[in-house]
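# Architecture and fold: a report
Residue-level listing of the chains:
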Amino acid sequence: MIQHNLPDMIYKFLLGISGLSAIPDFLLVTASYLIPSAAVLGFVMFVSGMLTYAERKVSADIQNRIGPNRVGPFGLLQMLADGVKLILKEDIIPDAVDRKLFKLAPYIVFSGTMLAVTVVPFGGPFIVADLNIGLVFIIVVSSLIVVGFLMSGWASNNKWALLGGIRSAAQIISYEIPAALSLFTVVLIAGTFSMQKIVMSQGPYPWDWFIFHNPFTFVAFFIFFISSLAEINRLPFDFPEAESELVSGYNVEYSGMRFALFFLAEFANIFISASIAAAVFLGGGNIGLDPYESGIGFQLVMVLIFFAKVVPLCLVTIWIRWTLPRLRIDQMLSMCWKYFIPMSFACLAMTAIWMLVFNGNGIFWRMNG
Amino acid sequence: MKAYGKREAAITDKFSTQEMVLSMGPHHPSTHGVLRLILQTDGEMIVNVTPDVGFLHRGLEKIAEMVPYQSFMPFTDRIDYLSSLNCNLGYAITVERLAGIEVPEKAEYLRVIGAELTRMASHFVGAGALLLDLGAVTPFVHALRERETYNTLIEMLCGARLTHNYVRVGGVSHDLPSGFREEALKFVDHIEHEFIKEFNDLISFNSILINRLKDVGVISREQAIEYTLTGPNLRGSGVKYDTRRDDTYSIYDRFDFDIPAGRGKFGTVGDCYDRYWVRIEEITQSCRIIRQALNQMPENGEVRTKLPKVLKVQEGEIYVRTESPRGQLGFYLMSNGGTRPDRLKIKTGSFSAMTIIELISQGVMVADLVAIIGSLDIVAPEIDR
């Protein structure tokens, strides 16, 4: 089988147009990796900007308000106005902070988030790096975020921020386990960690998706979705920044662009967790065609299908945020350790048994043709 | 206490950690105004809470000694800005009782209607702010939407939306405008039959909320009485005491209404949920009173007794208590026969509610303290006056 990936394709394309000119080869290689990375970075920034807009509009609808409607048509340019405001704002670094850690923390959070994007399959060939350990990679880099949170909480030299940082450590480390275990149920079925292959081993129709493969993956999907809410600090699990308890949590001392980085990472995380759920459980951008050989038209349809699954999941995340109150930290931790971890582990074990007993066939579909 | 041996003492010393002193407030999102609590915490567990009040002291009692009797009325708005009409009413009744002033029949009805509307609006904010502190923003906004209708109604009555200054010594400032009766009935029907149900479906019976509020901040019946809690906080502990019924004033004896009391709906009697639920039920009872008052109110009549511009009150002293949404509002008035009070002492519900926080917050988490403050419905300016 030919090993496809996006940088290789771009490299070939660049080689084609540059021909035998004097451009050195290493420049082409660098460019073929930088172009998709920069494109995805810009795209995810745009998506998280749109998500801030969506959050404001959806919350406004839920609360009988109008929401942003002044900047641009329907207030669509509100995110630009916010960005400009945050960039122009004075960057305050309090005297008593640990300056190095204080400055470093937002970048760690942001890069942890953006690293996860590299293995998100946007449908078709559009995946920056189709790593053969893709799923494990996501789990690993998303736990990098907690280092940044803890760092910012500690470096701020503020007791509320410290409490927020400690809470986020407890929360993210706890909820990573059920999230990972429920993702691994799918790995058992697909037999691979590669995100692209997981998407390709599903089909275009709902009964081809891994969520409906067997009852345990169905449960695992919901465990993953709820755990990912906790991992990305969304209500009802927004303890690290619980506004009414910890003022604003780990980011209380941050202002200007440093705060904006935390903020962007938070919204990018909504998108990432929704796209993991869509790709792993809901078939991603699979329309039953080969993602690399089917031509640009079908490839764009795949991207559309992928987003048709991601956007509702994002909206559900926002909807939950504006409907539910917050749990208490001990209730949340006991929910994780007493229910979610045993349940996700049971799902994993039962899926393994299912695969053994039914020879890898799902309820609706057969693995081998 | 058990005497520890040397070895145990050494181990305890090694692992014992220092308690952290957290200053919650004076500017903290969930202290409802300018209020400071000094928390001694062990991680997130609270060891001790010391309230530090006084940031909003405006010297209202001293101002009362400086101005004529009627001129103090706008200042009573500022005792508790969420229920200014109830404060107006309490002061007016105090002066009227001491001076022996009769109030016209229609004015009494208008006073009750205004006071009960304000009680509802105050509970909207009280319950909504508690939910806001627990992270549920939407119910708070829904409650504020209804408060907006209330503001419009009160604006029809007296032209003001926050500090009403509607009640006067010897009556009320304006007669009701045409159309007010229908609008008020519509509002009351909407609240009783639509809003409360929607609100309860949205949040009151949400299991996360129930788990956050039940068995938290339990105040027993005896503790509530010992700490002189009043109003919904007292009734939340299961004591059926309401000044409107038990020490009746104005024309409250003419209306038929229940006194909701905490009965441990989901947990222990006197927990945060009971206090929350008493407020929700009181909104319905206020609706009943308003409907009866609107139907019984005479069509025509004076709304204000003719009084001299500068009122002279005979020598004497009086203590009058009325039921404000945040508990008993007591005015102690001393007169030496002049045009100004000799002394005016104001006792409010939030003040006694503040004192019990120290007792019930031992060993809870920071998140629970937020729920406790919210469930006691403390409004900072009412503590300091």
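Reading the values: rules and limits
Residues numbered from 1 in each chain as written. Chains lettered and ligands numbered in written order. Predicted model: local features only at pLDDT ≥ 70, side-chain atom pairs only at ≥ 80, totals over all residues. Helix = DSSP H or I, 4+ residues; strand = E, 2+ residues; numbered from the N terminus. Rg over C-alpha atoms; globule rule 2.2 N^0.38 Å. Buried ≥ 20, exposed ≤ 12 C-beta atoms within 10 Å, placed from the backbone. Contact = placed C-beta atoms within 7 Å. pLDDT = per-residue confidence, 0-100. Core = buried A, V, L, I, M, F, W, Y, C linked by C-beta atoms within 7 Å. Domains from an automatic or database assignment. Nonpolar A, V, L, I, M, F, W, Y, C, P; charged D, E, K, R; others polar. Pairing = 2+ DSSP bridges. Expected span 1.5 Å × (residues − 1). Axes fitted to C-alpha atoms, helices over the stretch in contact; angles between N-to-C directions. Parallel < 35°, antiparallel > 145°, perpendicular 65-115°, else oblique. Left-handed = near helix turned anticlockwise from the far one by under 90°.

Turning next to the overall build of chain A. Counting its regular elements, chain A contains 13 helices and 0 strands. The linear arrangement of helices and strands in chain A, starting from the amino end, is α-α-α-α-α-α-α-α-α-α-α-α-α. Relative to a compact globule of 369 residues, whose C-alpha radius of gyration would be 21 Å, chain A shows 21 Å and is just as compact. Taking the principal axes of the C-alpha coordinates as reference, chain A spans close to 60 × 60 × 40 Å. Within chain A, buried positions represent 48% of all 369 residues.

If you tally the helices and strands in chain B, you get 15 helices and 8 strands. In terms of overall size, chain B behaves like a compact globule, its C-alpha atoms giving a radius of gyration of 22 Å where 385 residues would be expected to give roughly 21 Å. Here the C-alpha coordinates of chain B stretch approximately 85 × 50 × 35 Å along the principal axes. Sorting the 385 residues of chain B into buried and exposed places 49% on the buried side. Within chain B, counting contacts between residues at least 6 apart in sequence, those at least 24 apart form 72% of the total.

To continue, consider the confidence of the model for chain B. Residues of chain B with pLDDT of at least 70 account for 96%, and the chain-wide mean is 85. Predicted complex, confidence summary: ipTM 0.79, pTM 0.84.

What follows covers the nonpolar core. Val 109, Phe 271, Ala 277, Val 280 and Phe 281 of chain A are the most contacted members of the largest nonpolar core, which totals 208 residues. Residue assignment places this core across two domains, with domain 1 (6–50) and domain 2 (51–384) of chain B each supplying three or more. If we skip the residues at most four places from it in the chain, Ala 277 of chain A touches Phe 221, Phe 224, Phe 225, Ser 228, Leu 282 and Leu 313 of chain A.

Attention shifts here to the interface of chain A and chain B. It is common to report an interface's size as the accessible area lost on association of the parts. In this assembly, 23 residues from chain A lie in contact with 26 residues from chain B. Taken together, the elements giving at least two residues each to the side of chain A that touches chain B come down to helix H7 (159–190), helix H10 (243–246) and helix H13 (329–357) of chain A. Tallied by class, residues from the side of chain A that touches chain B come to 11 nonpolar, 5 polar and 7 charged.

Next up on the list: the pairing of strand E2 (residues 36–42) of chain B. Residue and element names in this part refer to chain B. Of the two faces of E2, only one is covered, namely that formed by Leu 37, Leu 39 and Thr 41; the face formed by Arg 36, Ile 38, Gln 40 and Asp 42 stays uncovered. In this structure, strand E1 (residues 20–24) lies alongside E2, joined through 5 bridges in antiparallel fashion. Residue Leu 22 lies in a different strand from E2, and its bridge partner there is Leu 39. Between the antiparallel neighbours E2 and strand E3 (residues 45–52) lie 2 residues, among them Gly 43 with a positive phi of about 70°.

This brings us to unusual backbone geometry. Of note, Asn 233 of chain A is a non-glycine position whose phi angle comes to about 60°, a positive value. When you line up the elements, Asn 233 of chain A lands in the loop between helix H9 (215–231) and H10. You will see that Asp 377 of chain B, though not glycine, has its phi angle at about 55°, which is positive. On the secondary structure map, Asp 377 of chain B appears in the loop between helix H14 (366–376) and helix H15 (380–384). Since 29 C-beta atoms lie within 10 Å of it, Asp 377 of chain B is described here as buried.

What follows deals with the domain arrangement of chain B. Residues and elements named next belong to chain B. As assigned here, chain B comprises domain 1 (6–50) and domain 2 (51–384). One C-alpha centre belongs to domain 1, the other to domain 2, and the line joining them spans 34 Å. Each partner contributes to the interface: domain 1 provides 17 residues, whereas domain 2 provides 23 residues. Elements with a contribution of two residues or more to the side of domain 1 that touches domain 2: E2 and E3. Among the elements that take part in the side of domain 1 that touches domain 2, E3 stands out by supplying 5 residues, more than any other.

For the rest of this paragraph, the subject is helix H7 (residues 180–204) of chain B. Its 25 residues give H7 of chain B an end-to-end C-alpha distance of only 31 Å, which falls more than 12% under 36 Å, the value for a rise of 1.5 Å per residue. Summarising the contacts, the buried residues of H7 of chain B are in contact with helix H5 (105–133), helix H6 (137–158), helix H8 (207–213) and helix H12 (272–296) of chain B.

Here we come to the sheet that holds strand E7 (residues 327–335) of chain B. Residue and element names in this part refer to chain B. If you trace the 3 strands from one edge of the open sheet to the other, you get E6-E7-E8, paired in antiparallel fashion. Looking along the sheet, the strands with just one partner apiece sit at the ends: strand E6 (316–324) and strand E8 (343–347). Taken pair by pair, the neighbouring strands of this sheet meet at an average axis angle of 10°, ignoring direction. Helix-sheet contacts for helix H4 (residues 84–99) involve E6 and E7, and the interaxial angle to E6 is about 150°. Contacts between helix H13 (residues 349–360) and the sheet are confined to E6, E7 and E8, with E7 contributing the most and set at about 120° to the helix.

Right, let's talk about the environment of Gly 114 of chain B for a bit. Residues and elements named next belong to chain B. Examined against the element boundaries, Gly 114 turns out to sit in helix H5. Classification of Gly 114 by C-beta neighbours within 10 Å gives buried; the count is 25. Counting along the chain gives 25 residues from Gly 114 to Leu 89, while the straight-line C-alpha distance between them is 9.4 Å. Residues contacting Gly 114, with those up to four places away along its chain left out, are Leu 85, Ile 154, Leu 157 and Tyr 166.

Another point: the packing of helix H6 (residues 144–155) of chain A against H7 of chain A. Residue and element names in this part refer to chain A. Interhelical geometry of H6 versus H7 gives an angle of 160° and a closest axis separation of 7 Å. By the angle between their axes, H6 is roughly antiparallel relative to H7. The handedness of the crossing between H6 and H7 comes out as left-handed. Along the contact surface, H6 presents Ile 145, Val 146, Phe 149, Leu 150, Ser 152, Gly 153 and Trp 154, while H7 presents Ala 161, Leu 162, Gly 164, Gly 165, Ile 166, Ser 168, Ala 169, Ile 172 and Ile 173.

It is worth spelling out the environment of Leu 327 of chain A at this point. Among the secondary structure elements, Leu 327 of chain A is positioned in the loop between helix H12 (295–321) and H13. By the C-beta count within 10 Å, which is 24 here, Leu 327 of chain A ends up buried. Along the backbone, Leu 327 of chain A and Phe 239 of chain A are 88 residues apart, and their C-alpha atoms lie at a distance of 8.4 Å. With residues near it in sequence (within four places) discarded, Leu 327 of chain A still touches Pro 236, Phe 237 and Met 332 of chain A together with Ile 208 of chain B.

The next subject is the pairing of E6 of chain B. Pairing of E6 of chain B with E7 of chain B, which is carried by 9 bridges, proceeds in the antiparallel orientation. When the sheet's bridge partners are listed, Thr 322 of chain B is paired in E7 of chain B with Leu 329 of chain B.

Attention shifts here to the sheet that holds E1 of chain B. All names here are of chain B. On the basis of which strands lie adjacent, the open sheet formed by 3 strands has the order E1-E2-E3 and antiparallel pairing. Of all strands in the sheet, those bounded by a partner on one side alone are E1 and E3. With strand direction ignored, the average angle separating the axes of adjacent strands in the sheet is 20°.

The next point concerns the packing of H5 of chain B against H14 of chain B. Residue and element names in this part refer to chain B. One can describe the packing of H5 onto H14 by two numbers: an axis separation of 8 Å at closest approach and a directional angle of 175°. Comparing their axes, H14 and H5 come out roughly antiparallel. Packed against H5, whose contacting residues are Ala 129, Leu 130 and Asp 133, the element H14 presents Val 370, Ala 371, Gly 374 and Ser 375 at the interface. Its residues placed into classes, the contact of H5 with H14 shows 4 nonpolar, 2 polar and 1 charged.

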